[in-house]
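Below are the chains, spelled out letter by letter.
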Amino acid sequence: MVENNAVPPVGQPALRVTAMPADTNPYGDIFGGWIMSQMDMAAGLVAARHSKGRAVTIAVDAMQFYAPVAVGDEVSVYTDMVKVGRTSMTIEVEAWRRDRFGEAVDRVTQARFVFVAIDENRKPRAIAG
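Residues numbered from 1 in each chain as written. Predicted model: local features only at pLDDT ≥ 70, side-chain atom pairs only at ≥ 80, totals over all residues. Heavy atoms only, no water.

Engineer: Can you walk me through the pattern of salt bridges in this structure?
Structural biologist: One side chain can pair with another of opposite charge once the charged atoms of both are near each other. For the structure shown, the criterion picks out five salt bridges. The residue Asp73 makes a salt bridge to Arg97 at a minimum N-O spacing of 2.7 Å. Here Arg97 lies in strand β4 (residues 88–98) and Asp73 lies in the loop between β2 (55–65) and β3 (74–84), a separation of 24 residues in the sequence. No difference in accessibility class separates Asp73 from Arg97, as the two residues are buried. The closest approach of N and O atoms between Asp106 and Arg97, which form a salt bridge, is 2.8 Å. Among the residues examined, Asp106 registers a relative accessible area of 28% and is labelled partly exposed. When salt bridges that share partners are traced, they join Arg16, Glu74 and Arg98 into one network. (Salt bridge = Lys/Arg side-chain N within 4 Å of Asp/Glu carboxyl O. Helix = DSSP H or I, 4+ residues; strand = E, 2+ residues; numbered from the N terminus. Buried < 20%, exposed > 50% of the residue type's maximum accessible area, 1.4 Å probe, protein only.)

Engineer: When you look at the sheet that holds strand β1 (residues 15–18) in this model, what are you seeing that I'm missing?
Structural biologist: Strands in a sheet are paired, the pairing made by backbone hydrogen bonds, and the direction either parallel or antiparallel. Reading across from one edge, β1-β3-β4-β5-β2 is the order of the five strands in this open sheet, with antiparallel pairing throughout. The outermost strands of the open sheet, each flanked by one partner alone, are β1 and β2. The average angle at which neighbouring strand axes cross in this sheet is 25°, direction not considered. Contacting β1, β2, β3, β4 and β5 (105–117), helix α1 (residues 32–51) runs over the sheet at an angle of about 50° to β5. (Pairing = 2+ DSSP bridges. Axes fitted to C-alpha atoms, helices over the stretch in contact; angles between N-to-C directions. Contact = heavy atoms within 4.5 Å.)

Read these as spatial facts, not as claims about activity.
Structure (structure tokens):
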């Protein structure tokens, strides 16, 4: 198990959602793929806003899970734009869990998502400055 002594990012999460029974694996924990999709949605919101248009995921780097998520946990996803190129954006994304009835939080996972801004023909386009 990886040490998880990190502190949640400052500011508001890009996305906050409650983990539901339909999102579980046979062991009762939330699927890692569900968590990844929440992270992708949060980063996608940030990428679209920053690029002022459609942006698509082209890569996810080094995702590692630190703690499980249970049904009823509140999952908060934080984002940080770390690099903007001519057509691409790199966004650091962290998912955190909070027990439904408590205040303690744990970092669940983190990864870097890379998005490319695209036009109506799905071709890369320059990000408006």
